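Each chain, letter by letter, is given below.
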Amino acid sequence: MISKKNTIIICLCLFSLQSSVFADNISDIKTSLSDTIAKLIQQYEARIQTLETENAGLKQTIIDMKGSGSVMTSSVLPVRPTTDSGTSVSSTQIKTGTKYDALITSVNGQLGTILSENYLPGYSVFGLFEFIEPNVFFLSIDDGNNPEGVTAFKTKILYTYDADFHLTKIGLFDLDYASQKYRTLFWSNPYTKTTRLRVQNPLYKGKLLDATAGVGSAPTSSVVDAVVTEVTLAQIQTAYSKSKLLDALKLSDVYIAKNPNNLDVLRIRYRSYYIIGKYDDSLAEIKKIETIQGTAFERTIACDAAVIGKIAKKTDVSTYYSALCKKQ
């Protein structure tokens, strides 16, 4: 018969043995995790180093082209410079200059950023540059979705640039398939009668380079900019559903003048303003909804307003709507 003392000793031995095995398992797990984390860190460090090297190379290429006078393989389209009226103005042979080549290289390096900022599909590509001296150009973008027979670029963006090729957007234009004319979505086009040099992007492999359907002409006034007296809710909803936010806002400007209390339109307006980064305007539309709904103010909109206020760094607004969001 095992005595109580011996029982205790046996239990302590078993506990000691289990503790040893448990400790060994923990040690193995820690070692395995440490190895895995170390490998991940090495992989990310290698990737970061590669990206830094590529970025440095691109910057040096741009610097070299600014100072060396070298010419890249950008191709000037086989057409004469034109004004917006389509009138040829000179038959002088044009060659791409160093400044333009370096600028094209710089812009191509910003593809992802430019597409994201303008809510364009990620598979879109830059097709055509139209340069206007001394520091302006139209950038034509192909999203690959043109209907059969439409040979103009879907989107044009108007930029100015400085000596370091920092871009400032001063116009955004969208091709209306029905009229085959460009609509002004934002800002304006002050260069309707200005001669420009058309240069194909050397990276562009598409086919939208025919001198037809307005490719050689700058955007015209927007359909929405014209005198529009009747706009339907369906038109606004369609524009919003297709992520044509600037169209939706312009159409709703007309609609809201006659129907200031339409909640469906006000919802579209505050969401559109939020998406394009105009937080003050978004909050202003939400305030209109709150005024109309009173004590029945929608909780989801209050919660949205709290988030927008926080992003806009308006602490008082965020706090106010946060309370409404939690209360309801």
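The following paragraphs examine the structure supplied in this document. (Residues numbered from 1 in each chain as written. Predicted model: local features only at pLDDT ≥ 70, side-chain atom pairs only at ≥ 80, totals over all residues. Heavy atoms only, no water.)

### Here's the deal with the packing of aromatic side chains
Here the structure, examined in full by the defined rule, presents 12 aromatic pairs. Taking the centre distance of 5.8 Å and the plane angle of 10 degrees together, the rings of F129 and F131 count as stacked. The pair formed by F129 and F131 is uniform in burial state, with each residue classed as buried. With a centroid separation of 5.9 Å and 55 degrees between ring planes, the pair formed by F137 and Y161 is classed as tilted. Highlighted residues: F137 in strand β3 (residues 136-142) and Y161 in strand β4 (residues 155-161), separated in sequence by 24 residues. Across the pair, Y161 and F137 agree in class, each one buried. Linked through ring pairs, Y100, F129, F131, F137, Y159, Y161 and F165 together constitute an aromatic cluster. (Phe/Tyr/Trp six-rings, centres within 6.5 Å; stacked < 30°, edge-to-face > 60°. Buried < 20%, exposed > 50% of the residue type's maximum accessible area, 1.4 Å probe, protein only. Helix = DSSP H or I, 4+ residues; strand = E, 2+ residues; numbered from the N terminus.)

### Things to note about the packing of helix α5 (residues 245-258) against helix α6 (residues 263-275)
Where α5 meets α6, the axes come as close as 10 Å, and the angle between the chain directions of the two elements is 145 degrees. As α5 runs across α6, the sense of the crossing is left-handed. Together, L245, A248, L249, S252, D253, Y255 and I256 of α5 and V265, L266, I268, R269, S272, Y273 and I275 of α6 make up the contact between the two elements. Its residues placed into classes, the contact of α5 with α6 shows 10 nonpolar, two polar and two charged. (Axes fitted to C-alpha atoms, helices over the stretch in contact; angles between N-to-C directions. Left-handed = near helix turned anticlockwise from the far one by under 90°. Contact = heavy atoms within 4.5 Å. Nonpolar A, V, L, I, M, F, W, Y, C, P; charged D, E, K, R; others polar.)

### Concerning helix α9 (residues 315-327)
Taking 1.5 Å of rise per residue, 13 residues should cover 18 Å, and α9 covers 18 Å from first to last C-alpha, within 8% of that figure. The secondary structure elements touched by the buried residues of α9 are α7 (279-293) and α8 (299-311). (Expected span 1.5 Å × (residues − 1).)

### Remarks on the pairing of strand β5 (residues 167-176)
Taken residue by residue, a regular strand's side chains alternate between the two faces of the sheet. In this structure, β4 lies alongside β5, joined through seven bridges in antiparallel fashion. Its bridge partner lying in β5, T160 is registered against T168. The hairpin turn running from β4 into β5, its antiparallel successor, is five residues long, and F165 in that turn takes a positive phi close to 65 degrees. Of the strand pairs in this sheet, β5 and strand β6 (residues 181-187) are connected by six bridges, and their pairing is antiparallel. Directly across from G171, in β6, lies its bridge partner W187. Between β5 and β6, which follow one another and run antiparallel, lie four residues, and Q180 among them has a positive phi close to 60 degrees. (Pairing = 2+ DSSP bridges.)

### Quick look at the nonpolar core
Core analysis: the largest hydrophobic core is formed by 23 residues, its most contacted members being V107, F131, F137 and L139. Mapped onto this core, the elements with two or more residues apiece are α2 (98-108), α3 (111-117), β2 (125-132), β3, β4 and β7 (197-200). Ranked by residue count, the leading element in this core is α2, at five residues. Those residues in contact with V107 that lie beyond four places of it in its chain are I114, F126, F129, F137, L139 and L167. (Core = buried A, V, L, I, M, F, W, Y, C linked by side-chain atoms within 4.5 Å.)

### Looking at the state of the cysteines
Here the structure, examined in full by the defined rule, presents one disulfide. Put simply, C303 and C325 are joined by a disulfide, and their sulfur atoms are 1.9 Å apart. One disulfide, between C303 and C325, carries an S-S torsion of 85 degrees and so falls in the right-handed class. Here C303, found in helix α8, pairs with C325, found in helix α9; they are 22 residues apart in sequence, far enough to count as distant. (Disulfide = S-S within 2.5 Å.)

### As for the side chain of K154
Within the secondary structure layout, K154 lies in the loop between β3 and β4. A residue is classified by how much of its surface remains accessible, and K154, at 9% relative accessible area, is buried. From its side chain, K154 meets the backbone oxygen of L175 in a polar contact 2.8 Å long. (Polar contact = N/O pair within 3.5 Å; in protein donor to acceptor, adjacent residues only side chain to side chain.)

### Regarding unusual backbone geometry
Residues E133 and P134 are joined by a peptide bond in cis, for which omega reads 5 degrees. Here P134 shows up in the loop between β2 and β3. In this model, K313 sits at a positive phi of 60 degrees, which is unusual for a non-glycine residue. Within the secondary structure, K313 sits in the loop between α8 and α9. Classification of K313 as exposed rests on a relative accessible area of 76%.

Purely spatial values, then, with no claim about function.
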